[in-house]
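Structural overview
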Amino acid sequence: MEELSNKIIKRDKRNNIELGITESTQTSLVYEKDKLLYPHFSHSKRMIIRVTLPDGRTGVATTSRTDTWEETLKQATKLARISEKDRHFKGLPVEDTKASVKLFEPALLDMSVEDLGAHAKLMLDMVKHAKVSMHGLWLGTGHHRVLVANSNGVSNSHIRAGVSMSLDVIKNNITGSSGHMFVKQPNPGKVAKEAIDECLKSQNPKPIQTGTYPVVLEHEALQDVIGETLVSALNGYALHKGDSFFSHKIGEKVASPKLSIVDDATIEYGLGSYESDSEGVGAKKTVLIEKGVLKSGLYDYYTANLAKRKSTGNCSSLTARPAIGASNVVIARGTASRSDIISGIKKGVLVSSVSGAHMSNPVSGDFSNELAKAYAIENGEVTHAISSGMISGNVFDTIKKINAIGSEPIQKSAFIAPLILFKGMQFIA
Amino acid sequence: MKIPRIANEFDYWDMLISDSIAQNLAVEDQSVKSLGAHNAKALWVRGVYKGSWVMVSSQNTKNLQDAFREALKLGRVRGANVHIKKQRVKDSVTVTPEKNPFGEDLEKQLKRVLLLSKTTKGVDKRVRRVFATLASVKSKNEFYDSEGSMLFETDYKTMYSVSALAREGDVMQRAHKGDARTGGLEVFYDKGIVGLAQDTVAMALRLLHAKHAPAKTLPLVCDGALSGVFFHEAVGHACEADAILEGASVMKGMMGKAVASPLVSFSDGLVQHSFGSYQYDSEGVKKTTTPLIKDGVLTGYLHSLDTASKMKAEPTGNGRSQSVYHFPIPRMSTSILRPGTFTKDELIRDIKEGVYAAGSSGGQVIPTEGKFVFGAQEAWLIKDGEITTPLRDVSLTGNILKTLQLIDGIGKKSVLSEGGFCGKAGQSVPVGEFAPHMRISKVVVGGRAE
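Described in the following lines is the structure provided in the data block. Because the structure is predicted, anything quoted here is derived from the model rather than measured.

Another point: the pattern of salt bridges. Tallying each qualifying case throughout the model produces 40 salt bridges over all chains. Close ionic contact of B:Asp14 with B:Arg46 constitutes a salt bridge, the shortest N to O distance being 2.7 Å. Of this pair, B:Asp14 sits in strand S1 (residues 12-28) while B:Arg46 sits in strand S2 (residues 31-49), placing them 32 residues apart in sequence. B:Arg46 gets classed as buried once you look at its relative accessible area, which sits at 1%. Through salt bridges with shared partners, a single ionic network connects A:Lys241, A:Asp243, B:Glu28, B:Asp29, B:Lys121 and B:Arg129.

Here it is as structure tokens:
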């Protein structure tokens, strides 16, 4: 890979060349109920070349055929020539300290299709034993190798590997599900237990009345209702252009003093961690909101120059400029345990997951989410599943009304957060 | 095409080779944000080995022997039994675009996208930012199977979009218009730029002053685009045979029974230019129109080879995959709701209080529980038979089977809605809807009390 990349970078000395090569293999098992539908092996390769002329005109070309890279380089250059000049373009990143981050346990590279089969069997047995039915199961293992290089001498490569499992179970038409990506020891038992537990505690759902209640959002619901809108409002480009609710508010109080959020690509074994971003800028940790005060947004190299800041190492792709994405989004833990939080609620709602997260409006912050898994809290105890309903409000108002943040963070994706209790949220039955 | 001898080890096999080129243009205001050209070539080799499926995907399209050998290796884990019965097909089909996106000067295409952006920005000074895109894909597929089939298909798809971000004081709203169809640049070029710019900005400005929707149960009239998405989400997905096999559908065990108001006839099929149209599915099965509901009675399911084998049914040409890296599963093509007898005014005029909703901003179903939720791009309050105050961020939710019985009026005229991508089981495929206005006597409208 490195040899090929050197050849490509050296071919054109006048223009700014950036290169990304990804090569992946994956083995997976897909189940339909308790039967294996098919095993799948796949191998893929993709090369992306971005050419930027000295005046900022840019073109991008991608291909699955790395042997015809000369054609791809020519195509990107041709596109750059018909593009528009960009006076904000200030060159490519230079060699940056590449963070050294452990991404996975090397033993995971040797997983076979039979190993996956054994994990599946363990889960199928647990499901059978719990007297719930299988609804769907997917297991996959694989690795991909990524190389990022540019004509300023940046050349970084890394390998990622992991085992992913997702399980859905069902009883009386009520589902339960769980999914994890493991980058250390795979734990199929944990996935099965979570799915079974969710299914069982969601049985016999009952309605509750429309009203304003204290609402506890658990990990998945918190990410869908609050997390995604915040990340899009913290996009450095939207901030700079005045297109974000947070524009011109750096240094101002935007949330409850209980809320602190960082973007951290350097967490060992973090699911959103990396050593360098898609432009080759080293992974960093960036404080976004500290005790309710807006501190920074997320920046790629181009936007950082535009806003006269430093790249936070959050370039997500070479396909467009800018392209900004979060790594691991971490909500700082609070002091209250889960049981303390729940026992303090007289009448409230605990939301595990919502459906239709894409129904929220990231620009205005308004949301209106149908509940997928939610439970009633009465006199300090979770009493029953709620049959249906919606929660609605505005993300930017809601983050000012935090009552308590849990002390036990959960890492299930690149979003790491404990549960949060919000003062009053509208619930519609 | 020389098939290696190792292929004889399989009870059934098929091979799909896909070779595609694509280009995309994206501009923000008057600056170019991305200008890209892409190509990809890859294949799948899929087989039934000792009674169960195995599949290999690779971008190495030269070494077929290797792909078949890898597939045999996967046979070490045993799967569910299938028995594929299939007819041999030999055909060559080509979509011919009026204006070939890959023949037309790219610079000219870029100028038109920049003009759209400039025109949109110029409509009103409250428009802060405009994004516009144009993208085209040409794909060439070759399909072979153990029954001796040989298919060659060439297809073009083109999509464009424009979105305007408007701001007044602290209130910001974004409006989006666009279309995606099977065909070439005519999809974009035939659309008048000024009209498109004005429509988009008008929507953004209306949203700035729109009120939150009342949170309650109300009668609803939807335009064709939204009725199309409702039927796609709530009914079409429930008729996909894998959902029936998994027990994840309200349509399970309902064949021959009344599942909707007798006004409803719904099918999946061919509509010219629709983003979801194709002649053969990814498994080399010819697509024909499949009636799903006739006069309120359930009449059919949508099948892939796998589900047809398991349910002892005929495949319906709905075995689709996102790419050669994905296993084909039952998917819709174009969802077609048969027109009724009402004009839009007739549907609205006897509603005392209700909602008129237009366009879709996405939707989702929880199939096992029979619930649906979808969002309207725009909505208005209906008061005493008249469309009045604009509403924003309206979502609509209910129980699928109950709601289908509550459809009490269907419009006269169908529209081919803006095509789009539908996601299921991690696969995204192009789909379309062809539907008229409809009225539902009661739907839960989500919003918030002011």
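Having seen the structure, we can now continue with the description.
We now examine the packing of helix H2 (residues 106-122) of chain B against helix H4 (residues 193-208) of chain B. All names here are of chain B. Running from amino to carboxyl end, H2 crosses H4 at an angle of 45°, the nearest separation of the two axes being 9 Å. As summarised for this structure, H2 and H4 are arranged oblique, according to the angle between their axes. Considering the relative orientation of H2 and H4, their crossing is right-handed. Along its contact with H2, which presents Arg112, Leu115, Leu116, Thr119 and Thr120, the element H4 presents Ile193, Val194, Leu196, Ala197 and Val201.

On to the packing of aromatic side chains. Counted by the stated rule, this structure contains 20 aromatic pairs over all chains. With centroids separated by 5.4 Å and ring planes inclined at 35°, the aromatic side chains of B:Phe372 and B:Phe374 adopt a geometry described as tilted. With respect to burial, B:Phe372 and B:Phe374 carry one shared label: buried. Between the NZ or CZ atom of A:Lys249 and the centre of the ring of A:Phe245, over which it lies, the distance is 3.9 Å.

Note on sheets: strands pair through backbone hydrogen bonds, and any given pair is parallel or antiparallel. All names here are of chain A. With mixed pairing, 6 strands are arranged side by side in an open sheet as S10-S9-S8-S11-S18-S17. The outermost strands of the open sheet, each flanked by one partner alone, are strand S10 (293-294) and strand S17 (410-411). Sheet analysis places strand S8 (residues 261-264) next to strand S9 (residues 285-290), joined by 4 bridges and oriented antiparallel. Bridge assignment links aspartate 264 to a residue of S9, and that residue is lysine 285. Sitting on the sheet, helix H5 (residues 219-233) is in contact with S8, strand S11 (329-331), S17 and strand S18 (415-417), with an inclination near 115° to S18.

A separate point is helix H3 (residues 113-129) of chain A. Since the α-helix packs 3.6 residues into each turn, any two residues three or four apart lie on the same face. Here H3(A) contains 17 residues, and its C-alpha end-to-end distance of 24 Å stays within 8% of the 24 Å for a straight helix at 1.5 Å per residue. Listed in full, the buried residues belonging to H3(A) are A:Val113, A:Leu116, A:Gly117, A:His119, A:Ala120, A:Met123, A:Leu124 and A:Val127. Taken down its axis, H3(A) places every buried residue within 160° of arc, on the same side. Turned more than 90 degrees off the buried face of H3(A), the exposed positions are A:Lys121 and A:His129. Next to the buried residues of H3(A) lie strand S1 (16-32), strand S2 (35-52), strand S4 (133-150), strand S5 (155-171) and helix H4 (188-201) of chain A together with helix H1 (64-74) of chain B. Of the residues flanking the end of H3(A), it is A:Lys131, one or two places downstream, whose phi is positive at about 60°.

All names here are of chain B. Tracing the sequence through the fold places leucine 220 in strand S9 (residues 216-222). Looking at leucine 220, the relative accessible area reads 0%, which means it is buried. In this view, leucine 220 contacts Val355, Ala357, Leu396, Met438, Arg439, Ile440 and Val443; residues no more than four positions away in its chain are not counted.

A surface patch of positive charge is lined by A:Lys253, A:Lys258, A:Lys400, A:Lys401 and A:Lys423. Within the secondary structure, A:Lys400 is located in the loop between helix H9 (395-398) and strand S16 (402-405).

Next up on the list: the environment of B:Thr120. Residue and element names in this part refer to chain B. Note that threonine 120 resides in helix H2. A relative accessible area of 0% places threonine 120 in the buried class. Threonine 120 has contacts with Val127, Val130, Val162, Ala164, Ala197 and Val201, leaving out every residue within four places of it along the chain.

Before going further, it helps to examine the pairing of strand S22 (residues 420-424) of chain B. All names here are of chain B. Pairing between S22 and strand S23 (residues 427-435): 5 bridges, direction antiparallel. Each bridged residue has a counterpart across the sheet, and for lysine 424 the counterpart in S23 is glutamine 427. Taking the residues between adjacent antiparallel strands as the criterion, S22 and S23 are bridged by 2 residues, where alanine 425 takes a positive phi near 50°.

Our focus in this paragraph is the interface of chain A and chain B. Facing the 66 residues of chain A at the interface are 69 residues of chain B. Overall, the association of chain A and chain B removes approximately 5800 Å² of surface from exposure, summing both partners, and the carbon and sulfur fraction of that is 52%. Where chain A touches chain B, the interface holds 7 salt bridges. The closest approach of N and O atoms between A:Asp243 and B:Arg129, which form a salt bridge, is 2.8 Å. Connecting chain A to chain B are 32 residue pairs in polar contact (both at pLDDT 80 or more). Top element by residues in the side of chain A that touches chain B is S2(A). It accounts for 11 residues. Looking at the side of chain A that touches chain B residue by residue, the classes come out as 23 nonpolar, 29 polar and 14 charged. Pairing geometry for strand S3 (residues 58-63) of chain A and S2(B), over 4 bridges, is parallel. Residue pairing across strands places A:Thr63 opposite B:Asn39, the latter belonging to S2(B).

All names here are of chain A. Here aspartate 263 is to be found in strand S8. Buried within the structure, aspartate 263 lacks any salt-bridge partner; lysine 284 is the closest side chain of opposite charge, at an N-O distance of 10 Å. Separated by 2.7 Å, the side chain of aspartate 263 and the backbone nitrogen of serine 327 make a polar contact. With residues up to four places along the chain from it excluded, the contact list for aspartate 263 reads Lys284, Lys285, Thr286, Leu288, Leu298, Asn314, Ala326, Ser327, Asn328 and Val329.

A separate point is the packing of H3(A) against H4(A). All names here are of chain A. Interaxial distance between H3 and H4 falls to 9 Å at its minimum, and their mutual angle equals 30°. With respect to each other, H3 and H4 are oriented roughly parallel. For H3 against H4, the interelement crossing comes out right-handed. Together, His119, Leu122, Met123, Met126 and Val127 of H3 and Pro188, Gly189, Val191, Ala192, Lys193 and Ile196 of H4 make up the contact between the two elements.

About the thresholds
Residues numbered from 1 in each chain as written. Chains lettered and ligands numbered in written order. Predicted model: local features only at pLDDT ≥ 70, side-chain atom pairs only at ≥ 80, totals over all residues. Heavy atoms only, no water. Salt bridge = Lys/Arg side-chain N within 4 Å of Asp/Glu carboxyl O. Helix = DSSP H or I, 4+ residues; strand = E, 2+ residues; numbered from the N terminus. Buried < 20%, exposed > 50% of the residue type's maximum accessible area, 1.4 Å probe, protein only. Axes fitted to C-alpha atoms, helices over the stretch in contact; angles between N-to-C directions. Parallel < 35°, antiparallel > 145°, perpendicular 65-115°, else oblique. Left-handed = near helix turned anticlockwise from the far one by under 90°. Contact = heavy atoms within 4.5 Å. Phe/Tyr/Trp six-rings, centres within 6.5 Å; stacked < 30°, edge-to-face > 60°. Lys NZ or Arg CZ within 6 Å of the ring centre and 35° of its normal. Pairing = 2+ DSSP bridges. Expected span 1.5 Å × (residues − 1). Arc of directions from axis to C-beta. Patch = residues over 30% accessible without salt bridge, like charges linked within 9 Å, V, L, I, M, F, W, Y side chains within 5 Å. Areas by Shrake-Rupley, 256 points an atom, 1.4 Å probe, with all protein chains shown as cover. Lys, Arg positive; Asp, Glu negative; His and termini not counted. Charge placed at Lys NZ, Arg CZ, Asp CG, Glu CD. Buried area = accessible area lost by both parts, 1.4 Å probe. Polar contact = N/O pair within 3.5 Å; in protein donor to acceptor, adjacent residues only side chain to side chain. Nonpolar A, V, L, I, M, F, W, Y, C, P; charged D, E, K, R; others polar.

Just geometry here; none of it tells us what the structure is for.
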